[in-house]
Amino acid sequence: MPYFKPLAGIIIILSLVFTQGCVVARGTLGEPLQEDTISAIKKGTTTMTEVISLIGAPDRIVRGNDREIFHYYYYDAKTTALILILLNFARGDVRNDNLYVFFNKNGIAEEVVYGKRTGRTQFRLWPFGD
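The following refers to the structure shown. (Residues numbered from 1 in each chain as written. Predicted model: local features only at pLDDT ≥ 70, side-chain atom pairs only at ≥ 80, totals over all residues. Heavy atoms only, no water.)

Tallying secondary structure elements over the protein gives three helices and five strands in all. For the protein, the sequential pattern of α-helices and β-strands runs α-β-α-α-β-β-β-β. Considering only contacts within the protein whose residues lie at least 6 apart along the sequence, 59% involve residues at least 24 apart. As displayed, the protein has an accessible area near 9,000 Å², and 60% of this comes from carbon and sulfur atoms. (Helix = DSSP H or I, 4+ residues; strand = E, 2+ residues; numbered from the N terminus. Contact = heavy atoms within 4.5 Å. Areas by Shrake-Rupley, 256 points an atom, 1.4 Å probe, with all protein chains shown as cover.)

Rendered as structure tokens:
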């Protein structure tokens, strides 16, 4: 039975090497944007104050050319990883929704640009390609 000790040691070492850890994580940044609230913003009539009362304070304000732009965003990230001692595999998927509301110098909404991409975020276990 003396050959069982080296075999047991090899099995323990291989088990430790190949089962270091797995990670499944999800993170978000910002608040989800509600499409019915966004559709309530009317070009040519909605003011800055009304936009703030509908959606809240913008995440970012950009100023230029006698205009102000309110930028609202929402990020959704999903990541999976296999952590080994010598080799790690990870795959992440980050998507974001962006809302830009352009105001003229009188504080009236001139343009509303909205893009929604977070609905397609997914966990992917295989780290190579799609």
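Now, onward.
Taken together, the side chains of Leu-29, Tyr-75 and Val-94 present a nonpolar region at the surface, about 270 Å² in accessible area. Assignment of secondary structure puts Tyr-75 in strand S3 (residues 67–83). (Patch = residues over 30% accessible without salt bridge, like charges linked within 9 Å, V, L, I, M, F, W, Y side chains within 5 Å. Salt bridge = Lys/Arg side-chain N within 4 Å of Asp/Glu carboxyl O.)

We now examine the packing of aromatic side chains. Applying the stated criterion across every chain yields a total of two aromatic pairs. When the centroid spacing of 4.8 Å and the interplanar angle of 65° are considered together, the rings of Phe-70 and Phe-103 count as edge-to-face. Taken together, the residues span a long stretch of sequence, with Phe-70 in strand S3 and Phe-103 in strand S4 (residues 88–103) at a distance of 33 residues. Note on Phe-70: relative accessible area 2%, which makes it buried. When its relative accessible area of 0% is taken as the criterion, Phe-103 is described as buried. (Phe/Tyr/Trp six-rings, centres within 6.5 Å; stacked < 30°, edge-to-face > 60°. Buried < 20%, exposed > 50% of the residue type's maximum accessible area, 1.4 Å probe, protein only.)

So, about the pairing of S4. Regular strands place their side chains on alternate faces of the sheet. The pairing of S3 with S4 spans 16 bridges and is antiparallel. Across the sheet, the residue bridging to Ile-69 is Phe-102, located in S4. Here S4 hands over to strand S5 (residues 109–115) after five residues, with Gly-107 in that stretch at a positive phi of 80°. (Pairing = 2+ DSSP bridges.)

This part takes up the layout of surface pockets. Of the volumes computed, that of the largest pocket is approximately 170 Å³. Lining the largest pocket are 14 residues, and of these Glu-31, Pro-32, Leu-33, Ile-55 and Tyr-72 sit closest to its centre. Taken together, the elements giving at least two residues each to the lining of the largest pocket come down to helix H2 (35–39), helix H3 (48–55) and S3. Across the lining of the largest pocket, the residue classes break down as nine nonpolar, three polar and two charged. (1 Å grid on protein atoms, 1.4 Å probe; cavity = no way out; pocket = protein on both sides within 12 Å on 5 of 7 lines; lining within 4 Å. Points joined across faces, edges and corners; volume = space filled by probe spheres on them. Nonpolar A, V, L, I, M, F, W, Y, C, P; charged D, E, K, R; others polar.)

Among the nonpolar cores identified, the biggest contains 12 residues, and these are Leu-33, Ile-38, Ile-41, Met-48, Val-51, Phe-70, Tyr-72, Leu-99, Val-101, Phe-103, Ala-109 and Val-112. Elements with a contribution of two residues or more to this core: H3, S3, S4 and S5. If we skip the residues at most four places from it in the chain, Val-112 touches Ile-38, Ile-41, Lys-43, Leu-99, Tyr-100 and Val-101. (Core = buried A, V, L, I, M, F, W, Y, C linked by side-chain atoms within 4.5 Å.)

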